[in-house]
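Close look at the chain arrangement
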Amino acid sequence: MTPFTTVTGPGAALPRDNVDTDQLIPARFMKRSRTEGYGDQLLHDLRFDPEGRPRPDFPLNRLPAPPALLVAGANFGCGSSREAAVYALWDHGIRTVVASGFADIFRNNAARNGLLTVALPEAERATLCAWLEAHPGAETHVDLEAQRIEAERLAPIAFDIDPQVKRRLLLGLDELSETLEEEESIARFEAAYLAATPWALPRTTAR
Amino acid sequence: MTHAPRTLVQKIWDAHRIVTRNGADLLFVDRHLLHEGSHHAFDKIAAAGRPVRHPELTFGVADHYAPSAPERATEATVTMIERLSRNTARHAIESFDIGDTRRGIVHVAMPEQGLTLPGTIIVCGDSHTATHGAFGAFAFGIGASEVAHVLATQGLWQKQPPMMRITVEGALPAGTTAKDLALHIIGTIGTGGATGHAVEYAGAAIRALSMEARMTLCNMTIEMGARSGIVPPDEVTFAWLDGRPMAPAGAERARALEAWAALRSDPGATYAREVGIDAAHVAPMVTWGTSPEHVAPVTGRVPDTQPEALDYMGLTAGAPVDGIEIQRAFIGSCTNGRYSDLLAAAAVLKGRQVAVPLLVSPGSEAVARRAEETGLAGIFRAAGAEWGASGCSLCVSMNGDRVAPGERCASTSNRNFRGRQGPGARTHLMSPAMVAAAAVTGRVTDVRALPRADLSALEETAA
Ligand code: SF4
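In every chain, residue numbers begin from 1 and rise along the written sequence. For naming, the first written chain is A and the first written ligand is 1, with later ones following in the order written. For a predicted model such as this one, the threshold for reporting local features is a pLDDT of at least 70, and the threshold for listing and counting side-chain atom pairs is 80 or more; totals across whole chains, interfaces and linings nevertheless cover every residue. Side-chain figures throughout are based on the complete set of non-hydrogen atoms in the structure, without hydrogens or water.

**Some words on the site of the ligand**
Residue and element names in this part refer to chain B. Note the threshold: We call a residue near a given molecule or strand whenever any one of its heavy atoms falls within 4 Å of it. Residue polarity is assigned by list, with Asp, Glu, Lys and Arg as charged and Ala, Val, Leu, Ile, Met, Phe, Trp, Tyr, Cys and Pro as nonpolar; anything else, Gly included, falls into the polar class. Residue ranges for the domains trace back to a domain assignment, done automatically or taken from a database.
Inspection of the region around the ligand gives His64, Ile105, His107, Asp126, His128, Ser333, Cys334, Cys392, Cys395, Val396, Asn414 and Arg420 as its neighbouring residues. A class-by-class count of the residues in the shell around the ligand yields five nonpolar, five polar and two charged. When we break the shell around the ligand down by domain, the ones giving at least three residues each are domain 1 (8–160) and domain 3 (285–462).

**A word on the interface of chain A and chain B**
Inclusion rule: Any pair of residues with heavy atoms lying within 4.5 Å of one another is described as a contacting pair. Here the quantity called buried area is the accessible surface, traced with a 1.4 Å probe, that two parts lose on coming together, added over both. Whenever Lys or Arg places a side-chain nitrogen within 4 Å of a carboxyl oxygen from Asp or Glu, that contact is recorded as a salt bridge. In protein, a polar contact means a hydrogen-donor-capable atom and an acceptor-capable atom, both N or O and within 3.5 Å, with residues adjacent in sequence counting only if both atoms are side-chain atoms; elsewhere, any N or O pair within 3.5 Å suffices. Note on conventions: DSSP H or I runs of at least 4 residues are helices, E runs of at least 2 residues are strands, and numbering of each starts at the N terminus.
Listed per partner, the contact involves 56 residues of chain A and 74 residues of chain B. Together chain A and chain B conceal approximately 5200 Å² of surface at their shared face, both sides included; 55% is due to carbon and sulfur atoms. Looking at the side of chain A facing chain B, the largest losses of area belong to Phe189, Trp199 and Arg203 of chain A, adding up to 15% of the total buried there. At the boundary of chain A and chain B, one finds nine salt bridges. The closest approach of N and O atoms between Asp22 of chain A and Arg420 of chain B, which form a salt bridge, is 3.1 Å. Here chain A is connected to chain B by 30 residue pairs in polar contact (both at pLDDT 80 or more). Where the side of chain A that touches chain B is concerned, the elements lending two or more residues are helix H1 (21–24), helix H2 (44–47), helix H4 (104–111), helix H6 (163–171), helix H7 (175–180) and helix H8 (183–196) of chain A. Broken down by element, the side of chain A that touches chain B gets its largest block of residues, nine residues, from H8 of chain A.

**Thoughts on the sheet that holds strand S7 (residues 138–141) of chain B**
Residues and elements named next belong to chain B. Just so we agree on the cut-off: The pairing criterion for strands is at least two bridges between them, as found by DSSP. Simply put, an axis is a line fit to the C-alpha atoms, just over the touching stretch for a helix, and the angle between two N-to-C directions goes from 0 to 180 degrees.
Pairing is parallel in the open sheet, where five strands are placed in the order S5-S4-S3-S6-S7. Of all the strands in the sheet, the pair left with one neighbour each is strand S5 (94–96) and S7. If you compare each strand with its neighbour and ignore which way they point, the axes differ by 20 degrees on average. Sheet analysis places strand S3 (residues 31–34) next to strand S4 (residues 58–61), joined by three bridges and oriented parallel.

Have a look at this one:
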């Protein structure tokens, strides 16, 4: 996983609530493999009309360059568990999403792929969102260690983050290799658990 | 050992905790369910060079890309289904592929096989995994990275979610169902109303629900933003599980029953959030917008609060919900594709003809077989409905089924997001009987106003 320390780049506003995973990446694109990339399909049906032409009034189509930071409204990433929603944001160049709240599974998926999610109190989120609406593509700077977002001519915004998620993002840690160090505990637990609850095994394959 | 009073979820959690590190618990997973969307996860473990730790606790099923009719198969559906068979076969994972009599939508087929058990932890790379909580399991959806992690370790790092209890007292009025109850709750607390919480259902109205209805309710819990929904297991649960092919039998069932009897929250257990609902206030519900919280009773009106959603839906604020014209109807999905759902719809359809195309996709091959045996399928065909093959079908437009741009579809599925049923498609969520009513009249119709056939003779006898 790519470590996240500081990211500087254009910011964009998507001032709407409930940006769901079907909007972030429509289901029909999900058969792609990761290496094919999902960046062009991000928010596809909002960005493009049925003929595939960019909709001129859509915020992300009015940027000089793809954003590194996106500010949306409430309940971002609700809907399905598709991790492709995170891949689409990431492949499009987005490293930080700011919202007033995130759907649970989306947030987990983001943390496991190096994408920073920042939940801000409504007043601060609205200020940042309004600034980027008025100045599409304005430069933003995110410092994870300091837990701070800066945008030109705005007061720096401090944010909270789960210390575990922060640690993993900063170091770019892969969870699986950490778990494999727990091999002994896992084996010990399994032996005791399966002995105590034999009924929990599927019957036809019970050992 | 004495504990502070714990909730049901906390008890299941404690019984599955392998270790705690840095404030997170590594939980042991009893059942890992896979569908075609698992290809990213298989790629990840291949890249990490890891085997599957417990293939015997892992089960696959082809559902999301299963075409509802052979002519709707596409290159994508064929590729995705083949990929699942190949990946599961390579790791010796049992998978219910096309042609397997056990196949169906993952959240319908796995319970039918007796794979969903009280007190277990069940995960699947699908948000509606919450469905399995109907049995008193702690069940939740995970993303591809987590699927890979469970494949490789059978464990998952989790922070305990805040607990929430939704108590539904009273009785559901005639003509309303668990679907209406779920939509009523979502309309009350919003799609963010339970964000990140483990929801436990309680109250007389919940205890009175059948297993199928509990599954519908737990299924829709994800649309409140919750991580999981759970109903404490009881006699209804235990009876339903009796005789299921992979559920414990004989001496093992006796031991299981003993363990399951303890699966309830302690008096005094605390919840971060409590919500009380009076079932008597539930009416047949219909969504009018692009989020499940955009919902109103069929007797209500379209509000003026969401201009963008109304623009997408082509509706005018103030219009009565009853009477909205539809062009298509769909009965199926993991929310409402079970036998009892089809029965409720058939009671409306019997002796009538559909006014718009109605596609029925039974939740599983077993549901389809049973409906053929009892004559239920015949009622749908006689009414002019299309009786399709089992799968996710029109719940999600990735398997060859789709609603045309601008078309309005009355649907028993769970999400009315923009484009969910196809680019530009407009979805109105409702119960199976309400969809049947809309299909025969061509517009949203209060099912309580329609005389319905008595199909109690076709009711499913206990398994
Ligand atoms: S029926 Fe719909 S919600 Fe259920 S698993 Fe399939 S796609 Fe997901």
